[in-house]
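Listed here are the chains, written in short residue letters.
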Amino acid sequence: MEFVTGLKCVFCDGVYPPRYHTCPRCGIQGILDVQFDYPSIARRLTRRVLAARREPSHWRYRELLPIRADSPLPLLTVGGTPLMLAPTLARHIGIQTLYLKDDGRNATGSMKDRASSVGVVKAREARRKIIACASTGNAASSCAGMAVSLGLKSVIFVPERAPEPKVTQLLIFGATVLRVLGSYEQAFQLCQQACEKWRWYNRNSGINPYLVEGKKTAGLEIAEQLAWEVPDWVAVSVGDGCTIAGVWKAFRELKTLGLIQRTPRLLGVQAEGAAPVTACFHSGEPLQAIEPRTLADSIAVGVPRNWKKAVLAVRESRGAMINVSDSEIIDAMRYTGRLAGIFAEPAAAAAVAGLRRAAQEGMVARRASAVAIITGNGLKDVRSAKSAVGGPFEIPPDGAGLDDILTEQELSAPCRAPSSPAPR
Ligand SMILES: *Cc1c(COP(=O)(O)O)cnc(C)c1O
Ligand SMILES: [Zn+2]
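Owing to the predicted nature of the structure, the values given are computational and were not obtained by experimental measurement. (Residues numbered from 1 in each chain as written. Chains lettered and ligands numbered in written order. Predicted model: local features only at pLDDT ≥ 70, side-chain atom pairs only at ≥ 80, totals over all residues. Heavy atoms only, no water.)

Enquirer: What is the right way to look at the overall build of the protein in this model?
Expert: Looking only at helices and strands, the protein features 16 helices and 13 strands. Taking 22 Å as the expected radius of gyration for a compact globule of 424 residues, we find that the protein reaches 22 Å, a close match to that expectation. Summarising its shape, the C-alpha atoms of the protein cover approximately 70 × 50 × 45 Å along the three principal directions. With 424 residues in all, the protein has 57% of them scored as buried. A fraction of 70% describes how many contacts in the protein between residues 6 or more apart in sequence connect residues 24 or more apart. (Helix = DSSP H or I, 4+ residues; strand = E, 2+ residues; numbered from the N terminus. Rg over C-alpha atoms; globule rule 2.2 N^0.38 Å. Buried < 20%, exposed > 50% of the residue type's maximum accessible area, 1.4 Å probe, protein only. Contact = heavy atoms within 4.5 Å.)

In structure tokens form, the structure reads like this:
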């Protein structure tokens, strides 16, 4: 907290001391934003200092995180995920340069680890022994895993339709799991009440201003990994809106600190059946809650808590919001796997699908460079993945029919080694 100066409400602009989670004047609507002393950080955090830092995880940006300098950190590795060129996928999407930020490679398999890792540190700082969260899956499993890593207990409220692999993952981490036979919104409300009643630390990132700060490290890493030359666009899928708000904050901060010269435009992507933030972005009106309907469970949010921060972020970046259908998401899961070798969960593939649609509609220029953040690993929701690819060929142990299958797959020609080494 060395460099934190206060918390500013996104609605009334009031600035409050760090003990609040939401604005004392606006209530639960009043999402707060952590303010930092950037001139002091700028003296400490230069390109040279960062280049010399050995720490590969997101704690390398510690000055920009709202935690005490002496707080114990989780041992699980968070951040430092690969940013890789995907030229074949770029061609398919119809843009010149595409990088994928593979955040499915975080400790528990999603970019939620960036937020949860800050959450558990804050819980310890507040001397709480139990951390709670309501989530459709990734925030939950991440919260449970990070809690283990810092010796905390976790209580998790999941909605009825949370995918089984994610629920199993948090049971493995020893969380107390309460499956609410209802919607995410109902699970969220129950969790809020329980946190107040039992004085548990509340990890819900729409409410807790510190968690968004954890998410911003994805943006900090993208800039540093590209040697401080940001792409034209960064595509992020949007549920509650915390991720895109965090990523924008990263670029804004880096510009303030003089580490980058310009900022990228943000492409916020929602699923057609769960697009209240896109609606706000286009109408300029306040949020209208909806009943979410999409297979992309991680962005199936009907009452996004952070819609305001998300809309402001996309506007400030001179970016855009776009919706994609579930069938575009399924297609994107398939071609991202086949053309880039990355297995993305539906909400993560949505960012790629959105970029493709934005390129087709001329919103993103053909000459543009872009980063798509792969927010979660596809193994977290195998049922959706199966619907994208069908099943394997089945053959008897004697191999009958194998020749026909290989001929049909154009795999029956004699095998030759590639004439030149594969590009690296
Ligand atoms: C949470 C999540 C998102 C969206 O993040 P928000 O902060 O809810 O907007 C996208 N993809 C995956 C895989 C997620 O888990
Ligand atoms: Zn306020």
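Enquirer: Explanation requested: the side chain of D103 in the structure shown.
Expert: Structurally, D103 can be placed in the loop between β5 (97-102) and α4 (112-125). Separated by 2.7 Å, the side chains of D103 and T81 make a polar contact. At 2.7 Å, the side chain of D103 forms a polar contact with the side chain of R114. Residues in contact with D103, not counting those within four places in the same chain, are T81, G109, S110, M111, R114, I374 and T375. (Polar contact = N/O pair within 3.5 Å; in protein donor to acceptor, adjacent residues only side chain to side chain.)

Enquirer: Teacher, can you tell me more about the coordination of the zinc ion (ligand 2) here?
Expert: C9 (SG), C12 (SG), C23 (SG) and C26 (SG) make up the full set of protein donors to the zinc ion (ligand 2), lying at 2.3 to 2.4 Å. Coordination geometry of the zinc ion (ligand 2): the four donor atoms subtend angles of 106 to 113 degrees at the metal centre, consistent with an arrangement described as tetrahedral. Sequence spacing among the residues donating to the zinc ion (ligand 2) works out to C-x2-C-x10-C-x2-C. One end of the pair, C9, is in strand β1 (residues 4-9); the other, C23, is in the loop between β2 (15-16) and β3 (32-36), with 14 residues separating them in the sequence. As far as the burial class goes, C9 and C23 line up, both buried. (Donors = N, O, S within 2.8 Å, 3.2 Å for Na, K, Ca; no water. Tetrahedral: all angles 85-135°; square planar, octahedral: opposite > 155°, others 65-115°.)

Enquirer: What am I meant to see in the sheet that holds strand β8 (residues 176-180) here?
Expert: Whenever strands of a sheet pair, they do so through backbone hydrogen bonds, lying parallel or antiparallel. The parallel open sheet is built from four strands, whose spatial order is β8-β7-β6-β9. Lying at the two open borders of the sheet, with one neighbouring strand each, are β8 and β9 (201-202). Alignment of strand β6 (residues 130-134) against strand β7 (residues 153-159), held across five bridges, turns out to be parallel. The residue bridging A132 from the neighbouring strand is V155, located in β7. (Pairing = 2+ DSSP bridges.)

Enquirer: Please explain the site of ligand 1 as it appears in this structure.
Expert: By nearness alone, 16 residues border ligand 1, and K112, N138, G241, T243 and T375 come closest of all. Here an oxygen atom of ligand 1 sits 3.0 Å away from a polar atom, N or O, in the side chain of K215. Its free accessible area being 370 Å², ligand 1 has 97% of it covered by the protein chains. (Near = heavy atom within 4 Å. Areas by Shrake-Rupley, 256 points an atom, 1.4 Å probe, with all protein chains shown as cover.)

Enquirer: Would you mind showing me how to read the packing of aromatic side chains here?
Expert: How two aromatic rings sit relative to each other is set out by the distance from centre to centre and by the angle between their planes. In the structure shown here, the tally under the stated rule is five aromatic pairs. Seen from the ring of Y61, R60 lies directly overhead, with NZ or CZ sitting 5.8 Å from the centre. Sitting over the ring of F11, K308 keeps its end group 4.8 Å from the ring centre. (Phe/Tyr/Trp six-rings, centres within 6.5 Å; stacked < 30°, edge-to-face > 60°. Lys NZ or Arg CZ within 6 Å of the ring centre and 35° of its normal.)

Enquirer: How should I be thinking about the nonpolar core in this particular structure?
Expert: Buried together is how nonpolar side chains tend to be arranged in soluble globular proteins. Counting residues in hydrophobic clusters, the biggest one holds 75 residues, and the most contacted among them are I41, I156, I222, V234 and F251. Beyond its immediate chain neighbours, meaning those up to four positions away, V234 contacts I222, V247, F251, P264, R265, L266, L267, V371 and I373. L89, W233, A368 and A370 belong to the second largest nonpolar core, which has 41 residues in total. (Core = buried A, V, L, I, M, F, W, Y, C linked by side-chain atoms within 4.5 Å.)

Enquirer: How should helix α12 (residues 307-316) be read in this particular structure?
Expert: Along an α-helix, residues three or four positions apart point the same way, because every turn accommodates 3.6 residues. Along α12, the residues that are buried comprise W307, K309, A310, V311, A313 and V314. Buried positions along α12 lie against β3, α8 (209-215), α10 (242-256), β11 (265-271), α11 (276-283) and β12 (320-324). Immediately downstream of α12, the backbone of R318 shows phi near 60 degrees, a positive value.

Enquirer: Quick question: what am I supposed to make of the pattern of salt bridges here?
Expert: As a working rule, side chains carrying opposite charge can pair if their charged atoms are close by. For the structure on display, the rule yields 23 salt bridges. Between E63 and R53 there is a salt bridge, with the nearest N and O atoms lying 2.7 Å from each other. Here the residue E63 occupies a position in the loop between α2 (47-52) and β4 (83-85), and R53 occupies one in the loop between α2 and β4, the gap between them amounting to 10 residues. Residue classification places R53 among the partly exposed residues on the basis of a relative accessible area of 25%. Ionic pairing is found between R114 and D103, a salt bridge with its closest N-O pair at 2.7 Å. Pair noted here: R114 is in helix α4 and D103 is in the loop between β5 and α4, with a separation of 11 residues, a long-range link. By sharing partners, the salt bridges in this structure join D33, E213, K216, K249, E253 and K309 into a single network. (Salt bridge = Lys/Arg side-chain N within 4 Å of Asp/Glu carboxyl O.)

Enquirer: Please explain the sheet that holds β1 as it appears in this structure.
Expert: Taken in spatial order, the three strands line up as β2-β1-β3 in an open sheet, and their pairing is antiparallel. Each end of this open sheet is capped by a strand with a single partner; those strands are β2 and β3. In the sheet, β1 pairs with β2 via two bridges, with the strands oriented antiparallel. For L7, the partnering residue across the bridge sits in β2 and is Y16.

These values are about where atoms sit, not about what they do.
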